[in-house]
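Observations on the three-dimensional arrangement
Listed below are the residues making up each chain.
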Amino acid sequence: MRIENLMSRAEAYSWLANELGILLKRCHIGFFDMDQCLETERLAGELFEDLTKDLADAPFDHRPATLCQTTRNTSCHAF
């Protein structure tokens, strides 16, 4: 999941690698085992809730036009 206008793709991968405690070069859903997929889903959900809560409190003209772009990968059945 990438929150457009709030986090770049590179920032999202860097954040996720840090949260999972893995090397950035290994941070791709195609490399994840099921436990990593489930943890990614949990972490992304928490981040999304935190960011959307903050956005709900923001003035309307400061909200991004597109809130969220979700990428699903069939190699990870947790999504």
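The structure contained in this document is the topic of the report that follows. (Residues numbered from 1 in each chain as written. Predicted model: local features only at pLDDT ≥ 70, side-chain atom pairs only at ≥ 80, totals over all residues. Heavy atoms only, no water.)

1. Notes on the overall build of the chain
Tallying secondary structure elements over the chain gives two helices and zero strands in all. Long-range contacts, defined here as pairs at least 24 residues apart, represent 58% of the contacts in the chain between residues at least 6 apart. Accessible surface, the chain: about 5700 Å² in total, of which carbon and sulfur atoms supply 51%. (Helix = DSSP H or I, 4+ residues; strand = E, 2+ residues; numbered from the N terminus. Contact = heavy atoms within 4.5 Å. Areas by Shrake-Rupley, 256 points an atom, 1.4 Å probe, with all protein chains shown as cover.)

2. Here's the deal with the pattern of salt bridges
Taken as a whole and judged by the stated rule, the model has two salt bridges. We note a salt bridge from E39 to R42, for which the minimum N-O separation is 2.6 Å. One end of the pair, E39, and the other, R42, are both in helix α2 (residues 34-56), three residues apart, so they sit about a helical turn from each other. Of the residues examined, R42 reaches a relative accessible area of 39% and is grouped as partly exposed. Note that R42 is salt-bridged to E46, the shortest N-O span being 2.5 Å. With R42 and E46 both in helix α2 and four residues apart, this pair spans about one turn of that helix. (Salt bridge = Lys/Arg side-chain N within 4 Å of Asp/Glu carboxyl O. Buried < 20%, exposed > 50% of the residue type's maximum accessible area, 1.4 Å probe, protein only.)

3. Thoughts on the packing of aromatic side chains
On inspection of all chains with the given rule, the structure shows zero aromatic pairs. One Lys or Arg, R26, reaches over the ring of F31 and ends 4.3 Å from the middle of that ring. (Phe/Tyr/Trp six-rings, centres within 6.5 Å; stacked < 30°, edge-to-face > 60°. Lys NZ or Arg CZ within 6 Å of the ring centre and 35° of its normal.)

4. A look at the nonpolar core
Core analysis: the largest hydrophobic core is formed by eight residues, namely L16, A17, L20, C27, I29, F32, C37 and L43. Elements with a contribution of two residues or more to this core: α1 (9-20) and α2. By residue number, the principal contributor to this core is α1, which donates three residues. If we skip the residues at most four places from it in the chain, L43 touches W15, L16, E19 and L20. (Core = buried A, V, L, I, M, F, W, Y, C linked by side-chain atoms within 4.5 Å.)

5. Focus on α1
An ideal rise of 1.5 Å per residue puts 16 Å on 12 residues; α1 measures up with 16 Å between its terminal C-alpha atoms. For α1, every residue scored as buried is listed here: A12, L16, A17 and L20. Down the axis of α1, the smallest arc covering the buried residues is 130 degrees, so these residues share one side. Away from its buried face, by an angle of more than 90 degrees, α1 presents the exposed residues A10 and N18. (Expected span 1.5 Å × (residues − 1). Arc of directions from axis to C-beta.)

These values are about where atoms sit, not about what they do.
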